[in-house]
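Structure assessment
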Amino acid sequence: MNTFLMQTLDSFIPFQYPVQVTIDGRTLDYLLTVDETGHVFQAVPVVYDLPPVAQKLILGDSRDLLNRKIRAYVRLFKYLVPLYLAHKLSLPEVDMLPLATEIQQRLQAKSLTWATLPYDPSIYNPAMKAISVFGTNKNNAQSSYWIDAWEAIIQIFKNLNSRDNDEYLSSFGTRFFDVASDFLPAITPLLNKDAQYGIFNQIAYKRIRTSMIKEFLLEELDNPACFEYLDGILSALAIFGSGDKDIFEAVVKFYEQKKGVMGSASDRLMEVLMHHPCVRTTEIGFEIIHQNHSQHAYYAARILIEMGVKQGEILKIMMPHFVAAEPDSASAVFYVLRNCITPELLPDSEDLLDVAVRILSKQRVSSVVHSVPIIARQNETYLKVDELYQLLNHEATGVREMALLTIQEFHQRLKIEFYGEARYLNKRTKIDFKPFTTPRFTECYWKLAQDSDREVARAAIRVLGMVGFEQKRKDYIDLLLGLAKPDSRKDIQEVAIGAINFILERIPYAAQIEPLYLSILESNLYYVRSSTIYGLRFSPDLNFKNALWMKYRDDQNTSVQSAIKNDLFRVPKRSFQVRFYNIINLLTQSKTRK
């Protein structure tokens, strides 16, 4: 930059000028300190200089909400003024014309216009970047980064309450990291609720850790109007990690004021505090556990254990709820036991089953039903064969379901996927599944497969699939096909097909499945159509499989497409013959499938 241009910029002396902004129907005055480039050095809301009584009259009962927007404009003027001078943006709620006229007159007195001002790369502020992008001075070096950034900012301003903003807001932190730490805090209070949630999440996920973002988040945390965004604010604060005393003190202060109404935000609070291991953090974790909420107590316990707190200390708080065996207080302790406690500290199998039955006899508690099986595979409950058999015949549906799910956990293949594909997990050789496949058990499973309770019936059918898999029971196929017929309940049909597919891994192909499976492929039952493909892949008839491929490769349902293209010709491990024929098929008929 030549000496004359440098002297031109140096001659600009900041001056003060009032600007009016209409916020939620109230016209408020700001005093801006600005220069001829449009750079805003300071924006002071005049309302805060008034006596408290006058402030209350002006702001009314919406003071907290208005304060956010008032502070937002303090940050936004540095973008609004240069955009107005560049004739790129004019917001009806901001009366920018008097200030723009004043700047133009000052420039004209020096025989200058804003558009022809020189760009000084040593000056880093939005006004100077706007001059580089929108000015007409031939010596200005334009940056594609700032061209795109200004375009995104303009579109965001123009669509403040529109979903059209999503594409610009969602990627702003990634594309324009340097600008985001200043612009996102400025624009957030003016956006709709969904967009505000998105901003806080973006700060957290993109890890935008700057002093401006920190200052903004602490302001929002202290503002009662932001309570509905508390989860997002705390998640964003958690990215700053350890060693930030300001964040720790602010979060602890907030907790002490709001501990009774934290709700789900207590999880996010612990995410922040885990970076500050100290006595107070442990105390807060114990206080949350004492509240005994099903999810939050577990989360606090998990974080405390990660911080080095002994499991025994947590159990001292939780076990009275276990012993009480009351449905309203059981969820939290069972979540903690299943997720946080090592096997040697778990209740023994007798106590586990006794407490679970007492709870479920009073009320079906989902967390208990699904936690007991996970705990049971760690504390030798598999030895309680007779006790589990008795529970299969219990009058309470929750107890029957729990017993079935527990028996499932003892199978070496724990999980039958939606489509019947088996997943090998770590084999627990000490657990013998055979005692649960005897005739007295299988008779009970078939009876429970007809149970009026949906979850009991589904669990029983899954166990039958495991028994059929273990014993290679081809006769189970016809029985399960009866449960999978079209007039059966859709949730039963789904799991019955999964069980059939599971058994097919261990027996010769059962062609009797084809009429039902093909009828399902012709139906609109999208949730089971792909499952039928996994069963039909066991067919050794390559012409049949090729016909399926040709017919359904362009199916409208993406899961069916995926199954046809990726799995129909995938070789089942159990059959060398099928594997051999499929290899030949892939070599000789690849052109047909292109």
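Located above this text is the structure these notes cover.
What comes next concerns the included structure. (Residues numbered from 1 in each chain as written. Predicted model: local features only at pLDDT ≥ 70, side-chain atom pairs only at ≥ 80, totals over all residues. Heavy atoms only, no water.)

Observations regarding the overall build of the chain
A tally of helices and strands in the chain yields 31 helices and 6 strands. Across the 594 residues in the chain, those meeting the buried criterion constitute 55%. Put simply, of all contacts in the chain between residues at least 6 apart along the chain, 64% involve residues at least 24 apart. Surface accessibility of the chain: about 27300 Å² in total, with carbon and sulfur atoms responsible for 51%. (Helix = DSSP H or I, 4+ residues; strand = E, 2+ residues; numbered from the N terminus. Buried < 20%, exposed > 50% of the residue type's maximum accessible area, 1.4 Å probe, protein only. Contact = heavy atoms within 4.5 Å. Areas by Shrake-Rupley, 256 points an atom, 1.4 Å probe, with all protein chains shown as cover.)

As for helix α16 (residues 294–306)
The α-helix winds at 3.6 residues per turn, so residues separated by three or four positions along the chain end up facing the same way. In this model, α16 (13 residues) spans 19 Å end to end at C-alpha, consistent with the 18 Å of a helix rising 1.5 Å per residue. For α16, the complete set of buried residues consists of His296, Ala297, Tyr298, Tyr299, Ala300, Ala301, Ile303 and Leu304. In the core, the buried residues of α16 are packed alongside α14 (265–273), α15 (279–291), α17 (311–324) and α18 (327–340). Two residues or fewer past α16, Gly308 is found with a positive phi of approximately 105 degrees. (Expected span 1.5 Å × (residues − 1).)

Details of the packing of α16 against α17
Relative orientation of the contacting elements α16 and α17 amounts to 160 degrees, with a least axis distance of 10 Å. Classed by the angle they form, the pair α16 and α17 counts as roughly antiparallel. Our pair here, α16 against α17, has a crossing hand that is right-handed. Contacts between α16 and α17 involve Ala297, Ala301, Leu304 and Ile305 from the first element and Gln311, Ile314 and Met318 from the second. (Axes fitted to C-alpha atoms, helices over the stretch in contact; angles between N-to-C directions. Parallel < 35°, antiparallel > 145°, perpendicular 65-115°, else oblique. Left-handed = near helix turned anticlockwise from the far one by under 90°.)

Let's talk about the pattern of salt bridges
The final tally for this structure, using the stated rule, is 28 salt bridges. Note that Glu409 and Arg377 form a salt bridge whose closest N and O atoms lie 2.3 Å from each other. Of this pair, Glu409 sits in helix α22 (residues 397–409) while Arg377 sits in the loop between α20 (366–376) and α21 (385–392), and the two are 32 residues apart along the sequence. Via salt bridges that share partners, Glu256, Arg280, Glu283 and Glu287 belong to a single interconnected network. (Salt bridge = Lys/Arg side-chain N within 4 Å of Asp/Glu carboxyl O.)

Topic: a negative patch on the surface
Taken together, the side chains of Asp348, Glu350, Asp351 and Glu387 make up a negatively charged region of the molecular surface. Position of Asp348 among the secondary structure elements: in the loop between α18 and α19 (349–362). Overall, Asp348 belongs to the partly exposed group, its relative accessible area being 42%. (Patch = residues over 30% accessible without salt bridge, like charges linked within 9 Å, V, L, I, M, F, W, Y side chains within 5 Å. Lys, Arg positive; Asp, Glu negative; His and termini not counted. Charge placed at Lys NZ, Arg CZ, Asp CG, Glu CD.)

Observations regarding the environment of Tyr48
Residue placement: Tyr48 occurs in the loop between β3 (40–45) and α2 (52–59). Once the C-alpha coordinates of Tyr48 and Asn67 are considered, the two residues, 19 residues apart in sequence, prove to be 9.9 Å apart. Here Asn67 takes part through its side chain, which lies 2.6 Å from a polar atom of the side chain of Tyr48. (Polar contact = N/O pair within 3.5 Å; in protein donor to acceptor, adjacent residues only side chain to side chain.)

Section: the packing of aromatic side chains
Tallied over the full model, the rule gives 26 aromatic pairs. Ring centres of Phe200 and Phe216 lie 6.0 Å apart, and the angle between their planes is 10 degrees; this geometry places the pair in the stacked category. Highlighted residues: Phe200 in helix α10 (residues 193–205) and Phe216 in helix α11 (residues 211–222), separated in sequence by 16 residues. Where Trp446 meets Tyr476, the ring centres are 5.1 Å apart and the plane angle is 85 degrees; that geometry is what we call edge-to-face. Here the residue Trp446 occupies a position in helix α23 (residues 439–448), and Tyr476 occupies one in helix α25 (residues 475–483), the gap between them amounting to 30 residues. These aromatic residues form a ring-pair network of at least three members: Tyr79, Tyr124, Phe134, Tyr145, Trp146, Trp150, Phe157, Phe172, Phe176 and Phe183. Lying across the ring of Phe469, Arg506 places its NZ or CZ 4.8 Å from the centre. (Phe/Tyr/Trp six-rings, centres within 6.5 Å; stacked < 30°, edge-to-face > 60°. Lys NZ or Arg CZ within 6 Å of the ring centre and 35° of its normal.)

Some words on the pairing of strand β2 (residues 26–34)
With 9 bridges joining them, strand β1 (residues 15–23) and β2 adopt antiparallel strand pairing. Within β2, the position partnered with Tyr17 by the bridge is Leu32. Hairpin connection from β1 to β2: 2 residues lie between these consecutive antiparallel strands, with Asp24 at a positive phi of about 50 degrees. Connecting the antiparallel pair β2 and β3 is a turn made up of 5 residues, with Gly38 showing a positive phi of about 95 degrees. (Pairing = 2+ DSSP bridges.)

Examining a nonpolar patch on the surface
A cluster of nonpolar side chains, contributed by Leu50, Val53, Leu57 and Ile58, occupies part of the molecular surface with about 380 Å² of accessible area. Turning to its location among the elements, Ile58 is positioned in helix α2.

Some words on the sheet that holds β2
Hydrogen bonding along the main chain pairs the strands of a sheet, whether they run parallel or antiparallel. Read from one edge to the other, the open sheet built from 4 strands follows the order β3-β2-β1-β4, with strand pairing classed as antiparallel. Because the sheet does not close on itself, it has two edges, and the strands there are β3 and β4 (94–95). Set on the sheet, helix α4 (residues 97–108) makes contact with β1, β2 and β4; between it and β1 the angle comes to about 155 degrees.

What to know about the side chain of Asp451
Here Asp451 is to be found in the loop between α23 and α24 (454–471). On the basis of relative accessibility, which here comes to 11%, the residue Asp451 falls in the buried class. One polar contact links Asp451 to Arg400, side chain to side chain, over a distance of 3.1 Å. Sequence-distant contacts of Asp451, that is, excluding residues within four places in its chain, are made with Arg400, Val456, Ala457 and Arg489.

Observations concerning the environment of Gln105
For Gln105, the location among the structural elements is in helix α4. With a relative accessible area of 46%, Gln105 lands in the partly exposed category. Expressed as a C-alpha distance, the spacing of Gln105 and Glu36, which sit 69 residues apart in the sequence, is 9.6 Å.

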